[in-house]
Amino acid sequence: MKKIVLIGLLLAASLFGADKADKKDKVYRLKLAQSYEISMPVVGDVAKRVADLADQMSGGRLKISIDTPSKHKAAFAIYDLVSGGKYDMGYTAAYYYKDKNSANMLFTAVPFGMLKDEWRAWYDFGGGKQLAEKFYAKSGLKVFNVLNSGVQMGGWFKKEINTPEDLKGLKFRISGLGAEVMNRLGVAVATIPLNELQTALQMGTIDAAEWASPALDMDLGFYKVANYYYTGWQEPASEQQIVISLSAWERLPADLRAILDAAIAKVSEQAQNGAFYKNAMLWDEMKKKYQDVRVRSFSPEIMRALRQATDEILAEQSEKNSDFKEIWESQKAFLSKARAYSSAADFAYIEKTSAVEAEQNFTASVKEISVPQPAASADINASVASPKTETNQTK
C-alpha cells in the first residue's frame, strides 16, 4: 500500500513539474491593431518597439504581431476590435472614442488642462490610474499609457486668424475636446484620415488642419499648403494608449505581465524623449529651412472665447455623464495644486532666465559694434606741428 502511495506521489510530482516546465517554455502570441501606419513619424513604430522589447526580455516567450489600418481598415475602431475579440491588443488615442463615452477624451488631453509632467503625476500618483482601470474595465480592457508627446501646436491655417469672427465657417480638421470647443465657436469640424489631409488642404476641402507638433507635422508637408502655424491651447499633454483585453491579460503568466508592463514603460520614456528632441531640432531648422512658415499665437480675445467654451463643455459633460464628472473632478483638483508649483518652478525659471539671457545678448551685441577710436594726442600734436609738404597736404 505504501509503495502504491509513493508511486502516486512521484507521478503527481512529475506531472506538476512537467506542467511548470511547459508553462515556462510556452510561447504566448498576441495580435495588436493600431491606428497608425508604421511609417508615421514619432507615433507609428511605438507598438513595434514594445513588441520587440517584450520579445527580447521574455527570451522569445511573448510574441506580439501588429496590424496597421492598411490591413484591418478600422483606424478609429481599435477599442471595438479588441473588446470584440478580433485582436488581443490595440494602440490608439482615447479621444477617438468620444462617441462611445465622452469621458474617453479626458484620457488624451483637456484644453487649458494639465501639461505632460502634471498629467503623468496625476495619473501615476493622484488617482488617475485607478480611475482609468475602473473606467476601461467596463469595456473589458486594461490600459497603459505609452506616449505623451506634450503640448500640441494649434494647427496649420491658410490665413491669419485675428478674431473669433474669423473662425466662423472655417473648415478645420481637429480632434477631441478641442474639436468640441471649435465647433461651439462656429467652426465646421472635419474628420479626415491623416493620409488625405494634405490633399484636402490643397483641394480646399478644409481650410486648416491640426495634427500634433513639428516632430509629426513637418514630414507630412502641411506647411506647403497652409503656412500659418499657430501655438496650442487644445492639447497641453497628448497621451497615446496601449489597451489589452482583460481576458488576454489574465491568460499571461505573472512574469510575462511584468515584462509587458516594463516594456511599455521603457518605450514610453524613450518615445517621449525622442519626440521632444525631434521637436527641438525641427523648430530650430524651421527658421532656416522653412522660412515661409509664419508662427502665430491666437489673440487674447480668441483665447478668452476658447476658454469660455471649454469651461461650458466640461460643465455640461459633467452634468450628463457621471464617468466624465468623476474623472474631470479628480483632474481639476490636482491641477489646482500642480499648476501653482509649475508656475513657481518651470514657468518662473524660463521667464527669469530668459530675461537675463536677453540682457546678456544685448550687452554682448553692443560690445561687438566696431567704434572708431580717436587718435592719440601725441599723434595729433605731431600732425599739427609738422610742416605742410606735398605728401601731407590735403589733395
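Our structure's up above, just so we're on the same page.
A brief structural summary. (Residues numbered from 1 in each chain as written. Predicted model: local features only at pLDDT ≥ 70, side-chain atom pairs only at ≥ 80, totals over all residues. Heavy atoms only, no water.)

### Quick notes on the nonpolar core
What counts, and what does not: To define a nonpolar core, start from buried Ala, Val, Leu, Ile, Met, Phe, Trp, Tyr and Cys residues and group those joined through side-chain atoms within 4.5 Å. Throughout, exposure labels follow a simple rule: accessible area from a 1.4 Å probe, protein chains only, divided by the maximum for the residue type, with under 20% read as buried, over 50% as exposed, and the rest as partly exposed. For the purposes of this entry, the term helix denotes a DSSP run of H or I that reaches at least four residues, the term strand denotes a run of E that reaches at least two, and both are numbered from the N terminus. Pairs of residues are marked as contacts when any of their non-hydrogen atoms sit within 4.5 Å.
In terms of nonpolar packing, the biggest core is built from 110 residues, with Tyr91, Phe107 and Leu260 touching the most fellow members. By residue number, the principal contributor to this core is helix H11 (residues 254-289), which donates 10 residues. Filtering out sequence-adjacent residues up to four positions away, Phe107 remains in contact with Ala94, Trp119, Trp122, Tyr123, Gly128, Leu131, Ala132, Phe135, Tyr136, Glu239, Gln241 and Ile327.

### Comments concerning the pairing of strand S10 (residues 239-245)
The side chains of a regular strand alternate between the sheet's two faces. What counts here: By the convention used here, strands pair only if DSSP detects at least 2 bridges between them.
For S10, the buried fraction is high: seven of the seven residues fall into the buried class. Burial along S10 is two-sided: Glu239, Gln241, Val243 and Ser245 and Gln240, Ile242 and Ile244, pointing in opposite directions, are all buried. One ladder, built from four bridges, connects strand S3 (residues 89-92) with S10; its direction is antiparallel. Bridging from a neighbouring strand, Tyr91 pairs with Ile242 of S10. Taken together, the seven bridges between strand S4 (residues 141-148) and S10 define a ladder with antiparallel strand orientation. By the bridge assignment, Lys142 is partnered in S10 with Ile244.

### Re the packing of helix H7 (residues 176-184) against helix H12 (residues 300-320)
Definition in use: For helices, the fitted line uses only the C-alpha atoms of the stretch in contact; every axis is such a line through C-alpha atoms, and the angle between N-to-C directions lies from 0 to 180 degrees. Throughout this description, any angle smaller than 35 degrees is read as roughly parallel, any larger than 145 degrees as roughly antiparallel, any in the 65 to 115 degree range as roughly perpendicular, and the remainder as oblique. By convention, the crossing between two helices is left-handed when the near helix turns anticlockwise from the far helix through less than a right angle, and right-handed when the turn is clockwise. Any residue that is not Ala, Val, Leu, Ile, Met, Phe, Trp, Tyr, Cys, Pro, Asp, Glu, Lys or Arg is counted as polar, Gly included; the first ten are nonpolar and the last four charged.
Interhelical geometry of H7 versus H12 gives an angle of 115° and a closest axis separation of 9 Å. Here H7 lies roughly perpendicular to H12, going by the angle between them. The handedness of the crossing between H7 and H12 is right-handed. Of the residues in H12, those in contact with Leu177, Glu180, Val181, Met182 and Arg184 of H7 are Leu306, Ala309, Thr310, Glu312, Ile313, Leu314 and Glu316. Taken together, the residues of the contact of H7 with H12 break down into seven nonpolar, one polar and four charged.

### With respect to the environment of Ser213
Mapped onto the fold, Ser213 is located in the loop between strand S8 (208-209) and helix H9 (214-217). Between the alpha carbons of Ser213 and Ser149 there is a distance of 8.4 Å; along the sequence they are 64 residues apart. Sequence-distant contacts of Ser213, that is, excluding residues within four places in its chain, are made with Val151, Gln152, Met153, Tyr229 and Asn279.

### Observations regarding unusual backbone geometry
Positioned with a positive phi, Val42 is a non-glycine residue whose angle comes to about 70°. If you trace the backbone, Val42 turns up in the loop between strand S1 (28-34) and helix H2 (46-57). Positioned with a positive phi, Lys73 is a non-glycine residue whose angle comes to about 60°. When you line up the elements, Lys73 lands in the loop between helix H3 (69-72) and helix H4 (78-83).

### Details of the sheet that holds strand S5 (residues 155-157)
The strand order S7-S6-S8-S5-S9-S11 describes an open sheet built from six strands, whose pairing is mixed. Because the sheet does not close on itself, it has two edges, and the strands there are strand S7 (188-190) and strand S11 (294-296). Here strand S6 (residues 171-173) runs beside S8; their pairing, made up of two bridges, is parallel. When the bridges of S8 are listed, Phe172 appears paired with Ala208.

### Quick notes on helix H5 (residues 116-125)
If you check which residues of H5 are buried, you get Glu118, Trp119, Arg120, Trp122 and Tyr123. Downstream of H5 by a residue or two, Gly127 has a phi angle that is positive, lying close to 100°.

### A few points about the sheet that holds S1
Taken in spatial order, the five strands make up an open sheet running S2-S1-S3-S10-S4, and their pairing is mixed. Whereas interior strands pair on both sides, the edge strands pair on one side only; in this sheet they are strand S2 (62-67) and S4. Adjacent strand axes in the sheet meet at a mean angle of 25° when their direction is disregarded. In the sheet, S1 pairs with S3 via three bridges, with the strands oriented parallel. Paired with Gln34 across the bridge in S3 is Tyr91. H5 rests against S4 and S10 of the sheet, and its axis sits at about 155° to S4. Where H11 meets the sheet, it contacts S1, S2, S3, S4 and S10, and its direction lies at approximately 25° from that of S4.

### Topic: the side chain of Asn104
Put simply, the rule reads: Nitrogen and oxygen atoms within 3.5 Å of one another constitute a polar contact, given that in protein one can donate a hydrogen and the other can accept it, and given that sequence-neighbouring residues count only through two side-chain atoms.
The topology assignment puts Asn104 in the loop between S3 and H5. Residue classification places Asn104 among the buried positions, given a relative accessible area of 3%. Among the polar contacts made by the side chain of Asn104, one reaches the main-chain carbonyl oxygen of Tyr97 at a distance of 3.0 Å. When neighbours within four sequence positions are excluded, Asn104 is seen to be in contact with Tyr79, Ala94, Tyr95, Tyr97, Lys98, Phe135 and Tyr136.

Structural measurements only, silent on function.
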